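# Structure at a glance
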Amino acid sequence: VVYGYAAWHYRNRFYPGTEFFSIPAAEMSVYDVKAAVKAKVDAYSLQLITRKNDEAHDAGESRISAEDVAMTYRDNGEIDKAMKNQKVWVWPVMMLAQMLGEKNASLETTYDERLVTKALNQLPCMQKENMIAPEDAKVVLTDDGATVRTEIYGTTLDEEKTGEAVREALDTGATQIDLDSLGLYKNPKVFSSDLSLMTKAMAMNRVLGAKILLRCGNQTEVVNSEVIASFLDQKDGSYTLNEEKLRAYVSDLAQKYDTYQKKRDFYTSIGTKITLEEGMGDYGWLMDQEATYEELLE
């Protein structure tokens, strides 16, 4: 009687251990299982794990839901087939096989392809203001000389490849994809480990060591590594001082600070003001450009 009752009981219910798409289906009817699957699909969402960047804005979570792409469950008949394959009169064997067997049923869904593109374009990680462009490592000048600035990976996504990855995830029912591990970001092409950059920085530092203070009246000009770098010419990875650039720098200083024979107001001994036009008088400062050039060159 008990054996017969069990056979009758499982004529329209699934055995213990039965699963469909990771949903436990024990004691459930075909209708109940399909309802549970539909509810799972309706609650589905795909999370896009974005790259963390110290300079990035807080873009917020990037997630695409079933509703965003009009995703629905497509009944492929697997649940009905599984119920028909249950041999109720040998239920102990069937139940044991169900508990020990592999659960490899595939969940089939449909979604609106056009809505995928729209949903993707609205994600925070796809907004231009949240994308930081990658930058190659390069030699930069500081007050202490030349140094190699580390590359910036940024947060700029390859839109076409990202779209392909999202569609594949939706097709397979994945709930999470890591954009960085999938190689969907645009990366720099030159890295700080590049020996040529280090060699370049060392070569520049051999001629950037001076730091000179020029007293021009009550003003001071600082000739540091950044200024010296503007005097340099590069050839075959080495740097040499271009003396013509240095002379031009001294000439610019003279234009800035020379006051000799410049237009000025002159007060006479009786207190009246006379305006001396440019080129008149012998008052003011006049830089000895050649001597200044020689001092700087040394």
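The structure we're discussing is the one just above.
Everything quoted here is computed from the prediction, not taken from an experiment. (Residues numbered from 1 in each chain as written. Predicted model: local features only at pLDDT ≥ 70, side-chain atom pairs only at ≥ 80, totals over all residues. Heavy atoms only, no water.)

## Points about the sheet that holds strand E9 (residues 176-178)
Reading across the sheet, the three strands line up as E4-E3-E9 and stay open at both edges, with mixed pairing between neighbours. The outermost strands of the open sheet, each flanked by one partner alone, are strand E4 (62-65) and E9. Mean inter-strand twist for the sheet, computed between neighbouring axes without regard to direction, equals 15°. Where strand E3 (residues 45-49) meets E9, three bridges bridge the pair, whose relative direction is parallel. What sits directly across from Gln47, in E9, is Gln176. Strands in contact with helix H6 (residues 159-172) are E3, E4 and E9; relative to E3, the strand with the most contacts, it is inclined by about 145°. (Pairing = 2+ DSSP bridges. Helix = DSSP H or I, 4+ residues; strand = E, 2+ residues; numbered from the N terminus. Axes fitted to C-alpha atoms, helices over the stretch in contact; angles between N-to-C directions. Contact = heavy atoms within 4.5 Å.)

## Considerations on helix H5 (residues 113-121)
The complete set of buried residues in H5 reads Val116, Ala119 and Leu120. Axial view of H5: buried residues confined to an arc of 100°, hence all on one face. Across H5 from its buried face, at more than 90 degrees, point the exposed residues Arg114 and Lys118. Contact partners of the buried residues in H5: E3, E4 and H6. Put simply, Asp112 is the residue that caps the front of H5, since its side-chain oxygen is 2.9 Å from the backbone nitrogen of Arg114. (Buried < 20%, exposed > 50% of the residue type's maximum accessible area, 1.4 Å probe, protein only. Arc of directions from axis to C-beta. Polar contact = N/O pair within 3.5 Å; in protein donor to acceptor, adjacent residues only side chain to side chain.)

## Notes on the packing of helix H9 (residues 243-257) against helix H10 (residues 289-297)
Following both chains from N to C, one finds H9 and H10 inclined at 130°, their axes separated by 10 Å at the closest point. Taken as axis vectors, H9 and H10 run oblique relative to one another. At the point where H9 passes H10, the crossing takes the right-handed sense. Listed contacts from H10 to Glu243, Leu246, Arg247, Tyr249, Val250, Ser251 and Ala254 of H9 are Gln289, Glu290, Thr292, Tyr293, Leu296 and Leu297. Considered class by class, the residues forming the contact of H9 with H10 number seven nonpolar, three polar and three charged. (Parallel < 35°, antiparallel > 145°, perpendicular 65-115°, else oblique. Left-handed = near helix turned anticlockwise from the far one by under 90°. Nonpolar A, V, L, I, M, F, W, Y, C, P; charged D, E, K, R; others polar.)

## Re the nonpolar core
Membership of the largest hydrophobic core comes to 37 residues, with the highest contact counts inside it found for Leu48, Ile79 and Val166. Counting residues per element, the ones that place at least two in this core are helix H2 (30-42), E3, helix H3 (78-84), H5 and H6. Formed by 25 residues, the second largest nonpolar core is a distinct cluster that contains Ala137, Met204, Leu208 and Leu253. (Core = buried A, V, L, I, M, F, W, Y, C linked by side-chain atoms within 4.5 Å.)

## Some points on the pairing of strand E14 (residues 264-267)
Alignment of E14 against strand E15 (residues 273-276), held across four bridges, turns out to be antiparallel. The partner of Tyr267 across the bridge, within E15, is Lys273. Turn length for the E14-E15 hairpin, with the two strands adjacent in sequence and antiparallel, is five residues, and the turn residue Gly271 shows positive phi of about 95°.

## Remarks on the environment of Leu208
Take Leu208: it is sitting in the loop between helix H7 (195-205) and strand E10 (212-216). Distance from Leu208 to Gly271, taken between C-alpha atoms, is 52 Å for residues 63 residues apart in sequence. For Leu208, the contacting residues outside a window of four places in its chain are Leu141, Ala146, Ser225, Ile228, Ala229 and Leu232.

## What about the packing of aromatic side chains?
Overall, the coordinates contain two aromatic pairs when judged by the stated rule. Geometrically, the ring pair formed by Tyr153 and Phe191 is tilted, given 6.1 Å between the ring centres and 40° between the ring planes. Placement of Tyr153 in the loop between strand E8 (145-149) and H6 and of Phe191 in the loop between E9 and H7 is noted, with a sequence separation of 38 residues between them. In this structure Tyr153 comes out as partly exposed when scored by relative accessible area, which is 37%. Judged by relative accessible area, Phe191 falls into the partly exposed class, the value being 29%. The ring of Tyr293 is capped by Arg247, whose NZ or CZ atom sits 3.9 Å from the centre of that ring. (Phe/Tyr/Trp six-rings, centres within 6.5 Å; stacked < 30°, edge-to-face > 60°. Lys NZ or Arg CZ within 6 Å of the ring centre and 35° of its normal.)

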